[in-house]
Amino acid sequence: MGIAGIVFSVLGGAIVLLLSAAVIHALLIPSKKADYRPNPDPERTRLYAEKLSKMVQYETVSEQGNPQVEKFLGFHRLLEELFPLLHENLEKTEIDGNLLYRWKGKSDAKPIILMSHQDVVPAEGEWEHEPYSGDIADGKVWGRGAGDIKCGVMSFMQAVEELLAQGYVPENDVYLASSCTEEWGGDGAPKLIAELKRRGVRPYMVCDEGGGIVNEPIGGVPGNFAMVGVFEKGQGRLRFTAHSEGGHASAPPKNSPIVRLAAFEQHIEKHNPFKRVICKEVRAMFKALAPYGSFPMKLLLGNVWLFGPIMKLVMPAVSPQAAAMLQTTIAFTMQSGSDAFNVLPAAASVGANLRYIPHQGMDESNALITRLAEKFGLETEIVGAEDFCPPVDIEGEGWKFITSVIEKTFPGLPQSPYIMTGGTDCRFYQEICDNCFRFAPVIYGPEQLKGMHGINENIEADCLPGAVDFYKNVIDMNR
């Protein structure tokens, strides 16, 4: 046997050994079933659904550049009617429609903040139930904001209401926060944080929306899982512009502005310029989900050490959501050129939304895409950008705390860290808190996820008692 034969023989043997090790490891992963289902008290379900319905009926669409503070003050009056004990006993601060409540505990050493926003996005299109009807039908509460995220506001306010009715006093201060500008990334949350900083408050934990109890978080892994957001990606708004001398469309030149933009966009679509990395938090997610999948899923998710390179190639084709957890992403969203069919534009531009990942953050990603745009003769303008949020320590005390609360509240519910690819108000709180979690304790199935910012938004009513109990346990277990 020649040298080449020996090399191939050795390589073949090594591959067989590696694959055998991966198969053995997958076989040793215990099979589990994610069979958590809510089993609530029908009377509590009815009460909470009715309260959420009234909140949905009050339209709270927020618009950039149009504060509409009076609208939100009206919504606050509704909250006073629905949660009278809370408003009698907690210290309330209102800042331009944004809300901050303090429930004084026996100590201020480990304050926590429970938060969800009041505002909603506009409701367009044809709905089965009118978007502000708050209809309770088919076991669901329907309407804009039912799932995103007035269910959260209702749940933590109801939790406080019930604890107050029992004469309960928390061990540590509890703050409830709710901005009215979250849907457009406004200054509501920063105003609340400025107030907290003025008071010298540094929270032990913040719990906002973002993750949730998600049905089948990865294809091939069935069941409900508590997906706890441990960081969110940054966001950039960039504009790419191509210039020319314009002219009449009857004699078009080569490489006109729109053609250059199209070539640039097509190149990005076909040749992803950003690095894909399976980070620590995603590896932990795969490890947590592996026991609940079929054997092929166990083989892949349980052996990232071997199949990681393949997964980085395959995951983007399987799921855009999965791809977004591996890399900075870019989406082209707005394009402009000439105002007439027969006029070549002197300048054409396309707007893009970038979401920055920690291993290739804002500065590196912007520099990379700027250099690439230059090759197509484009100018780059950074209209606005914010970098990624630092990840929560998934081995730290805060993580152990929130997972213990989930275990107590939802027995049998598997849990996993999760990467937030969207944006929330929670990112602003990173300035004053190391344990910022994105977890709404309600069930989001495919129908609920589709309805967020879409038509027919709804939430299953029978998951609301669990959400209230979750917030009660967060308050009681923070000792």
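Residues numbered from 1 in each chain as written. Predicted model: local features only at pLDDT ≥ 70, side-chain atom pairs only at ≥ 80, totals over all residues. Heavy atoms only, no water.

Caption draft 1: Local environment of the side chain of K472. Of note, K472 is situated in helix α16 (residues 464–477). Residue classification places K472 among the buried positions, given a relative accessible area of 15%. Sequence-distant contacts of K472, that is, excluding residues within four places in its chain, are made with A159, E162, L163 and Q166. (Helix = DSSP H or I, 4+ residues; strand = E, 2+ residues; numbered from the N terminus. Buried < 20%, exposed > 50% of the residue type's maximum accessible area, 1.4 Å probe, protein only. Contact = heavy atoms within 4.5 Å.)

Caption draft 2: Layout of the side chain of T409. Here T409 lies in helix α13 (residues 397–409). Accessibility expressed as a relative area gives 13% for T409, which makes it buried. Among the polar contacts made by the side chain of T409, one reaches the side chain of N473 at a distance of 2.9 Å. The contacts of T409, once residues within four sequence positions are left out, are G466, D469, F470 and N473. (Polar contact = N/O pair within 3.5 Å; in protein donor to acceptor, adjacent residues only side chain to side chain.)

Caption draft 3: Summary view of the pattern of salt bridges. Per the stated rule, a full pass over the model turns up 24 salt bridges. One salt bridge connects K71 with E59, and the closest N-O pair in it is separated by 2.7 Å. With K71 in helix α3 (residues 69–82) and E59 in the loop between α2 (42–57) and α3, this pair connects stretches of sequence that are twelve residues apart. In this structure E59 comes out as partly exposed when scored by relative accessible area, which is 31%. Ionic pairing is found between E447 and K140, a salt bridge with its closest N-O pair at 2.9 Å. Taken together, the residues E447 in helix α15 (residues 446–451) and K140 in strand β5 (residues 140–142) connect sequence positions 307 residues apart. Overlapping salt bridges, with partners in common, bring together E91, E195, R198 and R199 in one network. (Salt bridge = Lys/Arg side-chain N within 4 Å of Asp/Glu carboxyl O.)

Taken by themselves, the reported measurements are silent on function.
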